[in-house]
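Per-entry structural report
Listed below, chain by chain, are the residues.
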Amino acid sequence: MRLLLVEDEPRLAARLREQLSAQGYAVDVASDGIDAEFQGLEVDYDLIVLDLGLPGRPGLEVLAHWRAQGMRAPVLILTARDGWQERVVGLKAGADDYLGKPFHVEELIARLQAILRRAHGEAAPQLTVGDLVLDEDQRTVSVAGAAPQSLTATEFRLLRCFMLNPDKVLSKSFLTEHVYDQDFDRDSNLIEVYVRRLRERIGEARIATRRGHGYVFVPAAR
């Protein structure tokens, strides 16, 4: 899943980017409100973490502009202020959750996982589609009750993208945008490489190729 992290404190942004990447997110970073607003409207993000105290343009104003323009990605807001009023304003402006600073990264990750599950109609801590179970904490996949298989970071991101979009034709460009961050070489053929690896793990028939269009994740082997 591709995530936009909007944080103006360089050390915190670097630490969060590293830890979120380790959890299987492709992370882009914006350090001020003006750049953040532009990126949020230009890129189809799966999740956004938005600090409210930003230079250039306040986070609440950025959020309001996003929603006014029809940007629907789930947003978790970060705030260093204790007042409940700002949290209420943020939620009314279109935020999906909030987290006060300072915070534990583990809580941030847990909240992001919960937001992502809710956005796709899932309530359980594990993502289940057909007879496949993806464990987000352990980064493993189980097939029809068999022993869990460990996934690399890229395999995990790609499979999660497929499982959140079953029976949909997903183009290579869509997968690239949602699996890799903004520094990825768009002309690379790595998507094909990792699709092949996933087929070896979960079965050839579960990821069907649509020539000239992309791939379709099949919830159950046929």
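Scope of this entry: the structure provided in the associated data block. Worth saying up front: this structure is predicted, and the values here are computed from it rather than measured. (Residues numbered from 1 in each chain as written. Predicted model: local features only at pLDDT ≥ 70, side-chain atom pairs only at ≥ 80, totals over all residues. Heavy atoms only, no water.)

1. Focus on the layout of surface pockets
Counted as a void, the largest pocket has a volume near 320 Å³. Lining the largest pocket are 19 residues, with Asp44, Tyr45, Asp46, Ala73 and Pro74 sitting closest to its centre. Of all elements in the fold, only helix 5 (105-119) and helix 7 (172-179) reach the threshold of two or more residues within the lining of the largest pocket. Here the lining of the largest pocket is built from residues that sort into 11 nonpolar, 5 polar and 3 charged. (1 Å grid on protein atoms, 1.4 Å probe; cavity = no way out; pocket = protein on both sides within 12 Å on 5 of 7 lines; lining within 4 Å. Points joined across faces, edges and corners; volume = space filled by probe spheres on them. Helix = DSSP H or I, 4+ residues; strand = E, 2+ residues; numbered from the N terminus. Nonpolar A, V, L, I, M, F, W, Y, C, P; charged D, E, K, R; others polar.)

2. Examining the pairing of strand 8 (residues 140-143)
Burial along strand 8 is two-sided: Thr140 and Ser142 and Val141 and Val143, pointing in opposite directions, are all buried. As defined by bridge partners, strand 7 (residues 132-135) adjoins strand 8 across 4 bridges and the pair is classed as antiparallel. Directly across from aspartate 135, in strand 8, lies its bridge partner threonine 140. Note that strand 8 and strand 9 (residues 149-150) share 2 bridges and pair antiparallel. Within the sheet, the bridge partner assigned to threonine 140 lies in strand 9 and is serine 150. Between strand 8 and strand 9, which pair antiparallel in sequence order, lie 5 residues; one of them, alanine 144, sits at a positive phi of approximately 50°. (Buried < 20%, exposed > 50% of the residue type's maximum accessible area, 1.4 Å probe, protein only. Pairing = 2+ DSSP bridges.)

3. Quick look at the sheet that holds strand 8
The pairing of strands in a sheet comes from backbone hydrogen bonds and takes either a parallel or an antiparallel form. Spatial ordering of the open sheet is given by 6-7-8-9, a layout of 4 strands whose pairing is antiparallel. The open sheet has two edge strands with one neighbour each: strand 6 (126-129) and strand 9. Contacts from helix 6 (residues 153-163) reach strand 6, strand 7, strand 8 and strand 9, with the element oriented near 130° to strand 7. Sheet contacts for helix 8 (residues 190-202): strand 7, strand 8 and strand 9; angle to strand 8, the most-contacted strand, approximately 45°. (Contact = heavy atoms within 4.5 Å. Axes fitted to C-alpha atoms, helices over the stretch in contact; angles between N-to-C directions.)

4. Observations regarding the pairing of strand 11 (residues 207-210)
Strand direction decides the pairing type here: strand 11 and strand 12 (residues 214-217), joined by 4 bridges, are antiparallel. Residue pairing for strand 12: threonine 209 is matched across the bridge by tyrosine 215. In textbook terms, the turn of a hairpin is the stretch between consecutive antiparallel strands, and for strand 11 and strand 12 this stretch comprises 3 residues, one of which, glycine 212, has a positive phi near 80°.

5. Examining unusual backbone geometry
Look at the link from lysine 101 to proline 102: it is a cis peptide, with omega at -5°. Mapping proline 102 onto the fold places it in the loop between strand 5 (97-100) and helix 5. Phi angles above zero are rare outside glycine, and arginine 139 is one such case at about 55°. Inspection of the secondary structure puts arginine 139 in the loop between strand 7 and strand 8. At aspartate 167, a position not held by glycine, the phi torsion is positive, near 65°. Along the polypeptide, aspartate 167 turns up in the loop between helix 6 and strand 10 (169-170).

6. Some words on the packing of aromatic side chains
If you walk through the whole model with that rule in mind, you get 2 aromatic pairs. Pairing phenylalanine 162 with phenylalanine 217 gives two aromatic rings, centres 6.4 Å apart and planes at 25°, and the pair type is stacked. Of this pair, phenylalanine 162 sits in helix 6 while phenylalanine 217 is found in strand 12, placing the two residues 55 residues apart along the sequence. By relative accessible area, which is 0% here, phenylalanine 162 ends up buried. Taken together through their ring pairs, the aromatic side chains of Phe162, Tyr215 and Phe217 make up a single cluster. The ring centre of tyrosine 25 lies 4.6 Å from the NZ or CZ of arginine 160, which sits over that ring. (Phe/Tyr/Trp six-rings, centres within 6.5 Å; stacked < 30°, edge-to-face > 60°. Lys NZ or Arg CZ within 6 Å of the ring centre and 35° of its normal.)

7. A closer look at the nonpolar core
By size, the foremost hydrophobic cluster in this structure holds 46 residues, and its most contacted members are Leu3, Leu112, Leu159, Phe162 and Phe217. Other than its neighbours up to four places away in sequence, phenylalanine 162 contacts Leu170, Leu175, Val195, Leu198, Ile207, Tyr215 and Phe217. By size, the runner-up hydrophobic cluster in this structure holds 17 residues, among which are Leu4, Met71, Val75 and Ile77. (Core = buried A, V, L, I, M, F, W, Y, C linked by side-chain atoms within 4.5 Å.)

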